[in-house]
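Okay, here's what each chain looks like letter by letter:
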Amino acid sequence: MRSCSIIILTYNGRDLLAEGIPSVIEAVRQAGGDHEIMIVDNASSDDSVEFVRRNFPSVRILPLDRNYRFVGGNNRGILAARHDIVVLLNNDMVVDRNFLNPLLAGFSDESVFAVTSQIFFQEKGKRREETGKTGFFWDKGMLYAYHEEVDSLDLERRYVPTVWAGGGSAAYDRRKFIALGMFDELYLPCYVDDLDLSYAAWGRGWKSLFCAASIVYHKHRATHVRQFTPEELDVIIAAHQLLFLWKNLTSPVLLLSHFFFLPFHILNQIRRERKTTLLKAVASAARRAPKAIRSRFVRRPPRLISDRALLRGRYIRRSIGSGQQRLRVLFVCPYMPCLGSNAGANRMFEIIRHLAARHAVSVITFYDEDSKTAHIPELQEFCTKVIAVRRRPSLRAPSWFHIKPKDLLREFATPEMKAALRKEMRSNDFDIAQFEYLQTAQLVDIAVRFNVATAVTEHEVPARKLWRDLRHAGAPEKLDLFYQWMVMLRYQDSIYARFDSLAALTPEDSKYIARFNPRLRVYTLPMGVDLSYFRPDSSPPDRHTLLFTGYFRHTPNVDAMQYFVRDVLPGVRTRFPDVRTYIVGGEVPRELRELESHAGVTVTGWVDDIRPYYRRATVFVAPLRLGTGMRGKVLEAWAMKCPVVTTPVGAEGYDCRSGHELLIADDAGGFAEAVIRLLEDPALRSQMADRGYAKAHADYSWSAIGCRYEQMYRQMMQEHSAPRS
Amino acid sequence: MRGLVSIVLAPPPDESRFRTGLMILSCSERYAVAIRRFAEEHYPFIAWTILYRYDSTGAFRNSRMMFSSDAITVRKKLDLLLAIRRSRYDVVYTAWTNEQSFGPLKVLGLLSNFRYHRIFNENIDAFYLHRSNFSNLRRHLLWRLASHSEIRYVAANVFSWIVLFPLGFVYLLLRVSFLLLRGLVTAGRWRGGGQTSRRSPSDRIPMEKDGSALNQ
């Protein structure tokens with residue numbers, strides 16, 4: 001174990017030292033080894049020095065001739081330290097007895113610059129404003145720095161990258177600290193000096209790590225509240241953040257955007273918060289601007305990582321992320337992931353369940369009806385966190401130029417969802433943000449801002465679906481649909497371009513997405529089926545019974561049944577007049593209900609369990625003409641050993657041949673013939689059902705598809721772990 | 001007598017003779033719930049049909065109703081209007097609640113072949129669109145003009161369709177042409193669905209049958 005110098009800077013903090021030093025001595029005793037404890041006294045006017053000398057003779061004292069503040073005092077302490085690792089502690093810190101060893105063990109390789117402890121507040125019940133695990137994001141020309149929440153995964157990972165190591169509770173590599181120019185006196189009296197130094201270290205390729213196992217207890221701002229009012233401290237922090245940008249930003253684009261947006265931020269704060277903090281901060285920072293500009297030219301180790309990579313990229317987050325076994329994944333869903341509602345909800349639920357067995361998965365989901373909240377406990381059983389946001393469409397007109405899909409924006413890009421997502425991103429360092437459908441994908445910018453790797457699963461490619469609708473529409477509708485297709489194609493292309501990875505359900509969808517933007521990384525991750533739930537039994541099916549299942553808010557399902565009952569069924573009835581057709585599924589619209597007037601057609605509406613219908617069905621029909629993506633109903637039929645007749649659209653994405661696992665027919669006559677063929681030939685039915693069953697088991701289990709997701713995530717993480725300069 | 005002319009020519013409404021009614025929920029959910037409660041409490045003898053916007057009122061989806069305005073094309077919107085006109089409702093309720101983005105539903109209400117048309121404001125105060133209530137209508141419109149928001153929004157919307165839409169449309173055409181061109185170029189690079197893009201190593205992540213992923 002390496003030895004360290006523990007430096008406690010103090011100014012008139014006799015009472016705080018009386019509380020803190022014994023805890024540090026105990027921690028050193030626990031850690032063992034030759035460690036040094038040094039009190040750096042900023043020329044206190046109380047009897048701090050005498051007090052320490054009298055009560056703690058083993059502690060080294062460095063009395064200074066005047067108050068050099070936080071920056072100057074610590075710099076002098078570090079220069080005087082005897083060991084290569086220095087631990088800086090505020091005088092209002094009480095440390096845990098086991099705090100030291102985990103901190104020092106973090107310096108396992110040469111690239112580590114600092115390791116910081118986990119901070120708890122001494123006052124019980126006080127909101128935990130700081131944890132030690134830090135992050136920042138860049139938005140509209142400003143840098144926002146914050147502390148993140150700490151969870152069990154941080155303990156499991158032991159060391160996680162953090163943006164800056166707090167100057168009051170962290171261990172630093174002394175040589176690197178000095179090489180980087182130490183704390184800059186630009187930041188007198190205090191604050192942001194540690195961010196500045198850690199940022200410079202990251203730029204050099206040196207890491208700052210957070211260690212959750214090393215714990216300190218902080219009496220927050222106990223020293224500074226004696227000297228400054230809270231308002232003055234706010235101005236100091238804001239001014240120092242500005243100076244930090246003026247000193248460190250080298251990217252002309254980022255600098256330009258900073259100065260462009262700064263007046264807007266000032267006006268916004270005055271208008272919304274009735275505060276002038278930022279205005280005062282600008283005035284304060286402007287006085288020190290020449291010094292900040294001079295600091296830009298101070299000789300420091302060469303910058304290897306660019307501002308863009310640090311502020312907007314993923315360099316810090318991913319610096320050790322790719323090697324993690326357990327990932328922290330956030331799913332963003334447009335509706336509640338649950339079983340038995342529709343294929344999309346099933347898929348989301350199954351993938352989440354699979355991933356949650358091996359990773360920490362949180363879910364943010366919309367719900368449109370209060371009854372849907374009943375599914376939250378099911379998700380909570382295996383998810384780290386589930387947040388449900390009521391879908392209340394925004395009333396603001398989103399596109400004055402009419403080039404965006406208004407309904408999509410109005411319904412899903414709601415202020416409530418944006419706020420929830422922002423809050424989650426701010427408080428957790430997710431490795432992956434997994435968006436479901438374009439509906440939520442349009443919120444991707446929030447995840448990008450927080451440097452999280454992003455993926456989207458597109459269950460049905462909207463522009464392709466519209467194009468297919470257009471081909472089947474009448475002449476007057478074509479123009480309308482063509483305009484909507486243009487709007488959607490442009491919009492989805494602009495959204496997809498912001499993702500690290502995309503997943504479509506069928507190769508055709510993948511191809512369609514990638515065709516318009518060859519830079520996209522597109523995967524095909526097909527639909528699956530719960531093979532333990534959908535199991536056949538030995539009971540024989542009913543005579544001449546056809547089945548279709550679907551969720552009828554999905555318009556391709558409605559079209560399929562209208563087409564089948566009007567164009568296909570009469571052909572089947574000429575050969576089998578007693579044929580019965582069951583249309584099973586929820587959210588039945590008026591036009592579908594009207595189909596019950598046809599002989600032998602039953603529209604059941606929502607049923608609790610669809611398996612008995614599969615068992616009774618002689619043939620499963622999927623006469624789909626519209627929509628894209630992969631149809632889960634075909635898989636369910638296969639898993640239940642029910643022979644299937646479908647269209648090329650219905651068979652899309654399946655690795656199968658017509659006449660082998662199912663029958664495929666493109667027109668109404670052919671479809672009727674295929675159904676008749678199966679109804680007439682029990683041997684063919686049985687053969688096809690067996691092959692479909694085998695196919696479902698071989699290729700479409702959820703565990704297999706969940707593994708593909710993991711593989712995709714690993715690839716994404718690997719890609720982002722490489723430094724980008 | 002039905003439709004817009006009934007506003008001027010129909011006799012004053014006799015609510016006891018109403019049998020069928022259409023509630024057009026051209027407002028956000030909190031108002032929609034209040035209007036529905038009002039209608040069902042005061043007029044339980046009327047067979048109500050609810051027309052709700054697809055995205056706005058999840059709370060109504062499973063209740064007694066006929067229509068949802070999820071029609072995305074002009075043709076389907078026309079179909080909806082014709083279906084409503086054929087239903088010949090005795091009374092049509094529409095919400096004029098000073099909110100943005102429900103314009104088409106309000107217009108639909110006016111075209112719905114009603115016998116009587118009743119409008120609600122955000123306080124769930126209501127009056128019939130009838131000659132006897134012209135003073136109320138005038139007061140309502142003046143109030144809206146004074147409070148600006150809805151009128152300003154309507155004006156901005158009209159401006160956006162007349163002036164900004166053509167600009168947007170030209171941009172759309174150019175952008176989509178570019179995408180199609182790029183699509184054509186990319187299609188030439190395509191190899192039988194195996195290669196998804198220049199950056200994509202594969203469109204499928206190969207799997208072993210036991211579910212473990214293989215390196216590509």
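Residues numbered from 1 in each chain as written. Chains lettered and ligands numbered in written order. Predicted model: local features only at pLDDT ≥ 70, side-chain atom pairs only at ≥ 80, totals over all residues. Heavy atoms only, no water.

(A) A look at the overall build of chain A. Assigned secondary structure in chain A consists of 28 helices and 24 strands. Principal axes of the C-alpha set define a box for chain A whose edges measure 105 × 55 × 40 Å. A burial count over chain A gives 63% of its 725 residues as buried. In chain A, of all internal contacts separated by at least 6 residues, the share reaching a separation of at least 24 is 74%. Accessible surface computed for chain A: about 27,400 Å², of which carbon and sulfur atoms make up 52%. The distance from the centre of the 100 positive side-chain charges to the centre of the 83 negative ones in chain A is 4 Å. (Helix = DSSP H or I, 4+ residues; strand = E, 2+ residues; numbered from the N terminus. Buried < 20%, exposed > 50% of the residue type's maximum accessible area, 1.4 Å probe, protein only. Contact = heavy atoms within 4.5 Å. Areas by Shrake-Rupley, 256 points an atom, 1.4 Å probe, with all protein chains shown as cover. Lys, Arg positive; Asp, Glu negative; His and termini not counted. Charge placed at Lys NZ, Arg CZ, Asp CG, Glu CD.)

(B) Layout of the sheet that holds strand β14 (residues 385–390) of chain A. All names here are of chain A. Ordered by their spatial adjacency, seven strands build an open sheet running β14-β13-β12-β15-β16-β17-β18, and the pairing between neighbours is parallel. In this open sheet, the two strands that pair with only one neighbour each are β14 and β18 (522–524). Averaged over neighbouring strand pairs, the angle between their axes works out to 20° when direction is ignored. Pairing analysis gives four bridges linking strand β12 (residues 328–333) to strand β15 (residues 432–436), with the strands arranged parallel. The partner of Val329 across the bridge, within β15, is Ile432. With respect to the sheet, helix α13 (residues 343–356) is in contact with β12, β13 (360–367), β15 and β16 (453–458), its orientation differing from that of β12 by roughly 170°. (Pairing = 2+ DSSP bridges. Axes fitted to C-alpha atoms, helices over the stretch in contact; angles between N-to-C directions.)

(C) Expanded view of unusual backbone geometry. Here the bond from Leu188 of chain A into Pro189 of chain A is cis, since omega is 5°, no more than 30 degrees from zero. With respect to the secondary-structure elements, Pro189 of chain A resides in the loop between α6 (174–179) and α7 (193–204). Despite not being glycine, Asn12 of chain A shows a phi value in the positive range, around 50°. Among the structural elements, Asn12 of chain A can be located in the loop between β1 (4–10) and α1 (14–31). Located in the positive-phi region is Ile124 of chain B, a residue other than glycine, with phi close to 60°. Among the secondary structure elements, Ile124 of chain B is positioned in the loop between β5 (116–120) and β6 (126–128).

(D) Fine view of the packing of aromatic side chains. This model, assessed by the stated rule, comprises 45 aromatic pairs over all chains. Plain terms: the ring middles of Phe260 of chain A and Phe261 of chain A are 5.1 Å apart, the flat faces sit at 85° to each other, and that makes the pair edge-to-face. Residue Phe261 of chain A is classed as partly exposed on the basis of its relative accessible area of 25%. Measuring from ring centre to ring centre gives 5.2 Å for Trp638 of chain A and Tyr654 of chain A, while their planes differ by 75°; the resulting arrangement is edge-to-face. Here Trp638 of chain A is found in helix α25 (residues 632–639), whereas its partner Tyr654 of chain A is found in the loop between β23 (644–646) and β24 (663–664), with 16 residues between them in sequence. Grouping residues by exposure puts Trp638 of chain A and Tyr654 of chain A together as buried. The structure contains a cluster of three or more aromatic residues connected by ring pairs, namely Phe38, Tyr43, Phe45, Trp48, Tyr93 and Phe120 of chain B. Arg611 of chain A extends its terminal NZ or CZ atom over the ring of Tyr533 of chain A, reaching a point 3.8 Å from the ring centre. (Phe/Tyr/Trp six-rings, centres within 6.5 Å; stacked < 30°, edge-to-face > 60°. Lys NZ or Arg CZ within 6 Å of the ring centre and 35° of its normal.)

(E) Local environment of the pattern of salt bridges. Under the definition given, this model contains 48 salt bridges over all chains. Residues participating in the shared-partner salt-bridge network are Lys133, Glu148, Asp151, Asp154 and Arg328 of chain A. (Salt bridge = Lys/Arg side-chain N within 4 Å of Asp/Glu carboxyl O.)

(F) Representation of the nonpolar core in the model. Residue and element names in this part refer to chain A. Judged by nonpolar contacts, the single largest core of 96 residues is most densely connected at Phe331, Phe564, Val572, Ile583, Trp638, Met712 and Tyr713. Per-element accounting of this core gives the leading share, nine residues, to helix α22 (residues 555–575). Excluding residues that lie within four positions of it along the chain, Phe331 makes contacts with Ile351, Ile352, Leu355, Val361, Ser362, Val363, Ile364, Gln434, Glu436 and Tyr713. Membership of the second largest hydrophobic core comes to 55 residues, among which are Phe412, Ala433, Phe450 and Ala463. (Core = buried A, V, L, I, M, F, W, Y, C linked by side-chain atoms within 4.5 Å.)

(G) Inspection of the sheet that holds β24 of chain A at higher detail. All names here are of chain A. One open sheet holds the six strands; their spatial order is β21-β20-β19-β22-β23-β24, and the pairing between them is parallel. Looking along the sheet, the strands with just one partner apiece sit at the ends: β21 (601–605) and β24. Seen against the sheet, helix α26 (residues 668–680) touches β19 (545–549), β22 (619–622), β23 and β24 and runs at an angle of roughly 175° to β23.

(H) Main features of the packing of α26 of chain A against helix α27 (residues 682–699) of chain A. All names here are of chain A. Closest axis-to-axis distance for the α26/α27 pair is 5 Å, and the angle between their directions is 100°. It follows that α26 is roughly perpendicular to α27 by the angle criterion. Across the interface between the two elements, Arg677, Leu678, Leu679 and Glu680 of α26 pack against Pro682, Leu684, Arg685 and Met688 of α27. Broken down by class, the residue content of the contact of α26 with α27 amounts to five nonpolar, no polar and three charged. (Parallel < 35°, antiparallel > 145°, perpendicular 65-115°, else oblique. Nonpolar A, V, L, I, M, F, W, Y, C, P; charged D, E, K, R; others polar.)

(I) A look at the environment of Val565 of chain A. Residues and elements named next belong to chain A. Within the secondary structure, Val565 sits in helix α22. Residue Val565 is classed as buried on the basis of its relative accessible area, which comes to 2%. Separated by 34 residues in sequence, Val565 and Ala599 have C-alpha atoms that sit 9.7 Å apart. Setting aside anything within four residues of it in sequence, one finds Val565 in contact with Pro570, Ile583, Leu595, His598 and Val601.

(J) Representation of a nonpolar patch on the surface within the structure. Residues and elements named next belong to chain B. Nonpolar side chains collect at one region of the surface, where Val154, Val158, Phe159, Trp161, Ile162 and Val163 lie side by side and expose about 560 Å² of accessible area between them. Relative to the assigned elements, Val158 resides in helix α6 (residues 149–189). Residue class for Val158 comes out partly exposed when judged on its relative accessible area of 43%. (Patch = residues over 30% accessible without salt bridge, like charges linked within 9 Å, V, L, I, M, F, W, Y side chains within 5 Å.)

(K) Local environment of helix α2 (residues 48–55) of chain A. Residue and element names in this part refer to chain A. Those residues of α2 lying buried are Ser48, Val49, Phe51 and Val52. Buried residues of α2 fall within an arc of 165° about the axis and therefore sit on the same side. Check the buried side of α2 and you find it contacts α1, β2 (36–41) and β3 (60–63). (Arc of directions from axis to C-beta.)

(L) View of the pairing of β12 of chain A. Residues and elements named next belong to chain A. Of all six residues in β12, six are buried; the element is thus mostly enclosed. Going residue by residue along β12, you find Arg328, Leu330 and Val332 tucked away on one face and Val329, Phe331 and Cys333 tucked away on the opposite face as well. Relative to β13, β12 is paired through six bridges, and the arrangement is parallel. Bridge pairing in β13 links Phe331 to Val363.

(M) Up close: the environment of Asp96 of chain A. Residue and element names in this part refer to chain A. In this structure, Asp96 sits in the loop between β5 (93–95) and α4 (100–105). Taking the C-alpha atoms as reference points, Asp96 and Glu129, 33 residues apart in sequence, are found 19 Å from one another. Those residues within four positions of Asp96 in sequence are excluded, and the remaining contacts are Ala27, Ile215 and Tyr217.

(N) Region of the structure containing the environment of Thr134 of chain A. Residues and elements named next belong to chain A. One can find Thr134 in strand β7 (residues 134–139). Judged by its relative accessible area of 4%, Thr134 is buried. Along the backbone, Thr134 and Asn428 are 294 residues apart, and their C-alpha atoms lie at a distance of 10 Å. Once residues lying within four places of it in the same chain are set aside, the contact partners of Thr134 are Tyr146, His147, Glu148, Thr162, Val163 and Trp164. A polar side-chain atom of Thr134 sits 2.7 Å from a polar atom in the side chain of Thr162. From its side chain, Thr134 meets the backbone nitrogen of Trp164 in a polar contact 3.0 Å long. (Polar contact = N/O pair within 3.5 Å; in protein donor to acceptor, adjacent residues only side chain to side chain.)

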